[in-house]
Amino acid sequence: MTAALSFENLSKTFPVGRTLLGASRASVKAVHPITLTVEKNETLGIVGESGCGKSTLARMLVGLLEPTTGAIQIEGAALDTADPAEFGKRIQYVFQDPISSLNPRKTIRQIMDAPLKLLHGMGKEERDKRISEIFESVNLREEFLERYPHEFSGGQAQRIGIARALAANARILILDEPVSALDVSVQAQVLNLLADLKAAFDLTYLFISHDLAVVEAVSDRIAVLYFGSVVELGPAEKVFANPQHPYTKLLAESAPVVGRPLTAPEAKGTELPNPLDPPPGCAFAARCLHATDRCRAEVPKLTEGAQGTSVACFHPLGGAE
Amino acid sequence: MIAFVRLLARNRLALAGGIVLSLVILLVLLTPILPLADPDVTDTANRFKPPFSQGALLGTDHLGRDLLSRLLWGTQLSLAVGFAAAIIAATVGAAIGIVAGFYGGRTDNIIMRGVDMLMAFPYILLALAIVAALGPGLFNALIAVAAVNVPFFARNIRGVTVGIAHKEFVDAARLAGMSNTRIILTEVLPNVIPVIIIAMSTTIGWMILETAGLSFLGLGSQPPQADLGSMLGEARSALISNPHTSIVPGVMILIIVMSINLLGDGVRDALDPRLKSGALSRPMAATLVRRAGTPPPPAGRGLLEVRELQTQFHVKDRVYRAVGGVSLHVEKGECLGIIGESGSGKSVTALSVMGLVASPPGVITGGAVRYDGTDLIGAPYRQLRDMRGRNVAYIFQDPLATLHPLYRVGDQLVEAIRSHRPIGKEEGRAKAIELLAAVRIPNPEKRISDYPHEMSGGMRQRVGIAMALANDPDIIIADEPTTALDVTVQAQILALLDDLRRSRGLAIVFITHDFGVVAQLCDRVAVMYAGRIVEEGHTREILETPRHPYTTRLMACVPELGEGKRRLEAIAGLPPVVDKLPAGCAFAERCLKVQEVCRQGDIPLEGTGGRAVRCLFPEAPISEAAE
């Protein structure tokens, strides 16, 4: 079986503080080289806190950002151009903010028409038919087509965003925090819709979120990102239930859960490492209770551990289930 | 479009400007068919005839030409040149600005530095240089005026384009296969056009003046052709002896420029979305109170007691009942959670307490808010201001928006203290350090001189909490204080709030949409839906045996960590809009257990022992829940 999406050593470095002639004085490594494979029909969850590079990664995967290093393969074929239109037919993106991802001065029909016309060269009748089909599948009424984006609630706008992604007929969707701008009752509607669409159209999802519970509820596998690197990767039911990396454990313990007394898992007011001056070893070492000298000097690699999870840590927590 | 005209017409000055300008334009359009003397025929025998003389309504100039005729033809020419220059400048400037803003990077740098260089010259010098190079003449003056104004448009439009080029819908258009040219034309341009029109409407008057200026200097229209500037220039020598020759064109320039500027300001105000939303109309210092009848008597519960509070938003002819009769109370040292979705009225309830709901459009129309027995609704502003921050303090969701970006956090803390009591420089500094230490900011001596942008989100929220603590309040109202934060930071902030409440005996009203947070922090919870409390009680009881169907369903649709991949229990439909609340239960439309009686009449919030539910068919009987 060929993987739906795989990428090797994908990384992104942003130059900062350009001089007048364009030479940069320093650089920020937003994403350290990451190698991951998403199987066909799988939902891979990517979870991490703000600034961990999850959106940068997503934007590289759809061609909106050119990677500094690495190569992307979609359904077995290499995609090395940085032309979003090339990517568009095979991989699509659903944005976090449903309203701002729709042009306020276009009707929904104009928005839906664009990918059909430009990516697939469909004629007028064919387009209308396809739009009807798609709208039916995302539970939107066709009368919405003549309206403008500001007339919709967040949940409806996000359905339109999903409909637009489906219109490109890509079989891989990158969902970048698709529900974090929505109210909880609407969030569940959209998550269920995504699950239905995946089954109906044979889709593969890369689901990015900061909400651990949401990621766990929708994903088959989860990758935990910290400071631009994958620190843990494993089956969804195991990653948070039995974390191997101390950071994953910290995340899992920080999530507010009904019935668990309130304790700050981290008493110190620690801050994230400075991206301009990254630590030489493990990025988490300064916050880690188990850190040793080796952790501070050498960057741990993601290695296969017990029970099918991979972890980038010299002292994985292990622990029985 | 109709809304735009109506908005414009509401501005009296703009309307007057528009009418005057229309009259002038109508007049110059009719000029060719009006029975006027030839403007260029000289008749030196009849020179300098005063106004209202026979055959020359406005008199004649130094060559005996009819001033009325010259004025109308001249106005026509000046207006035409002004508009043409504005359109050329706007088109060229906008094109440059859009290209620079859209492509960014080096393209932007090169173009904008060029524009900066153009701007570095005094504009009249530049225009003179252009005319000198091209030779005098009205057409060349037009080119000069347009060229001089291009940088203004380019800079303005570039700024707007940079904002739009990074919007998500532009990325979405790329993924839909659009080329850059198509994105510029169909995605960026339609969003920039209002700004172009605004810039144009405020500069046309200026450009007419500039053209007149060049003509005045003899570089624009050439004799005998009349335009307003050249008329003024020719009348200059007779300014003292025959002032009417200068006054006639002068007054016309005044009329045109005034009316265009007034109309332009009106257009700008009507088109600018910030002004449309009323962001620049300053809200009143305290929420407007229009309370009918006597306020409800105190029930004598809690340090802060809210009784049957009603807050509405009056927007045009619509009334949004954001808060429709909310009663709650909080004791010293207690944490009350208010949970609900967006639009449920939880924030408006909290803001109403200290009269912080923006008015207009907010109005408190009923109920009472008692702090230690005194009613705050309708209290004089001085009293409210004295209590804000000292008795009741707020913590808001976004600490970046609540802290001033240009002041050091230490200074902002001292300012918060100083608004209630005088404090010396040294003492203030010591107190600020003490406050930062109290919210566990490491290294407070150094951090007090940080600017807000130098801190992480978690640190900023700690400063927000420190500010709320600055005057030792009894009550803190925290409105989603951790929603914008990462989970690891959220856990720290929650632990901190819990500590503070225990160590200082603070009463906390905690507004959130997260059951996990409520469960960890709050003693009691009130669940809000469509502006009313639908269920309240002790946190554990509500979480274990929710009785209102909305509470049950809301809890079920939130995924919880540790339950694995699964389908969620979504609630179909949307909450009702609060300007069209249904009769009876607001949740009826989405409820699975709805009966006919649910849609008829008001349903009271009923219960005993602090546990109450607003439902005719609650999930479990009270007695069962109490066990």
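None of the values given here were measured: they were computed from a predicted structure.

Visitor: Which residues make up the overall build of chain A, and what are the values?
Guide: Along its length, chain A carries 10 helices and 12 strands. Whereas a compact globule of 321 residues would reach a radius of gyration of roughly 20 Å, chain A reaches 21 Å, a difference of no more than 12%. For chain A, the spread of C-alpha atoms along the principal axes amounts to about 65 × 60 × 40 Å. When each of the 321 residues of chain A is scored for burial, the buried share is 49%.

Visitor: Which residues make up the interface of chain B and chain A, and what are the values?
Guide: In this assembly, 55 residues from chain B lie in contact with 65 residues from chain A. For the side of chain B that touches chain A, the element with the highest residue contribution is helix α19 (residues 487-504) of chain B, accounting for eight residues. For the side of chain B that touches chain A, the residue count by class is 27 nonpolar, 12 polar and 16 charged.

Visitor: Which residues make up the nonpolar core, and what values go with them?
Guide: In terms of nonpolar packing, the biggest core is built from 272 residues, with Leu61, Leu206, Leu212 and Val224 of chain A together with Leu413, Ala466 and Val509 of chain B touching the most fellow members. Among the elements that take part in this core, helix α3 (residues 67-103) of chain B stands out by supplying 16 residues, more than any other. The contacts of valine 509 of chain B, once residues within four sequence positions are left out, are Val330, Leu336, Ile338, Ala350, Ile475 and Ile477 of chain B.

Visitor: Break down helix α1 (residues 54-61) of chain A for me, with residues and values.
Guide: Given 3.6 residues per turn, any residue in an α-helix points the same way as the ones three and four places further on. Taken across its eight residues, α1 of chain A has eight buried, putting it largely inside the fold. Every buried residue belonging to α1 of chain A is among Lys54, Ser55, Thr56, Leu57, Ala58, Arg59, Met60 and Leu61 of chain A, and all of these are buried.

Visitor: Before we move on, could you go through the sheet that holds strand β9 (residues 221-226) of chain A and cite the residues and values that matter?
Guide: Hydrogen bonds between backbone atoms are what pair the strands of a sheet, whose relative direction is either parallel or antiparallel. All names here are of chain A. Strand order in the open sheet formed by eight strands is β6-β7-β8-β3-β9-β10-β12-β11, with mixed pairing between adjacent strands. Each edge of the sheet is formed by a strand with only one pairing partner; in this case those strands are β6 (91-94) and β11 (303-304). Here strand β3 (residues 43-47) runs beside strand β8 (residues 204-209); their pairing, made up of five bridges, is parallel. Considered in β8, the bridge of threonine 43 is made with tyrosine 205. Running at roughly 170° to β6, helix α5 (residues 154-167) makes contact with β6 and β7 (172-176) of the sheet. The sheet contacts of helix α9 (residues 246-254) involve β9 and β10 (229-235), and relative to β9 the element is tilted by about 100°.

Visitor: Lay out the environment of glutamate 341 of chain B in plain terms, naming residues and giving numbers.
Guide: With respect to the helices and strands, the residue glutamate 341 of chain B is situated in the loop between β4 (335-339) and α12 (346-353). Separated by 189 residues in the primary sequence, glutamate 341 of chain B and alanine 530 of chain B have C-alpha atoms spaced 8.9 Å apart. Leaving out residues up to four positions away in the same chain, glutamate 341 of chain B has contacts with Asp183, Val184 and Ser185 of chain A together with His513 and Pro575 of chain B.

Visitor: Report on the domain arrangement of chain A, specifying residues and quantitative values.
Guide: Residue and element names in this part refer to chain A. Along its sequence, chain A is carved into domain 1 (5-219) and domain 2 (241-321). Here the C-alpha centre of domain 2 lies 29 Å away from the C-alpha centre of domain 1. Each partner contributes to the interface: domain 1 provides six residues, whereas domain 2 provides seven residues. Of all elements in the fold, only β2 (24-38) and α7 (212-218) reach the threshold of two or more residues within the side of domain 1 that touches domain 2.

Cut-offs applied
- Chains are numbered independently. Their residues run from 1 in the order of the written sequence.
- Whichever chain is written first is A, and whichever ligand is written first is 1; the rest continue in order.
- Owing to the predicted nature of the model, reporting of local features is limited to residues with pLDDT of at least 70; listing and counting of side-chain atom pairs is limited to 80 or more, with chain, interface and lining totals taken over all residues.
- A run of H or I in DSSP counts as a helix once it spans at least four residues, and a run of E counts as a strand once it spans at least two, with each numbered from the N terminus.
- Only the C-alpha atoms count toward the radius of gyration. The rule for a globule is 2.2 Å times the residue count to the power 0.38.
- To sort residues by burial, count the other C-beta atoms lying within 10 Å of each one's C-beta; a count of 20 or more means buried, 12 or fewer means exposed, and anything in between means partly exposed. C-beta atoms are built from the backbone.
- Once C-beta atoms have been placed from the backbone, residue pairs whose C-beta atoms lie within 7 Å are recorded as contacts.
- Nonpolar residues are Ala, Val, Leu, Ile, Met, Phe, Trp, Tyr, Cys and Pro. Charged residues are Asp, Glu, Lys and Arg, and all others, Gly as well, are polar.
- For our purposes the nonpolar core covers buried Ala, Val, Leu, Ile, Met, Phe, Trp, Tyr and Cys residues that link as a set through C-beta atoms within 7 Å.
- The rule for pairing is simple: two strands pair if DSSP sees at least two bridges between them.
- Every angle, taken between N-to-C directions, lies between 0 and 180 degrees, and every axis is a line fitted to C-alpha atoms, over only the stretch in contact when it is a helix.
- Source of the domain bounds: an automatic or database domain assignment.

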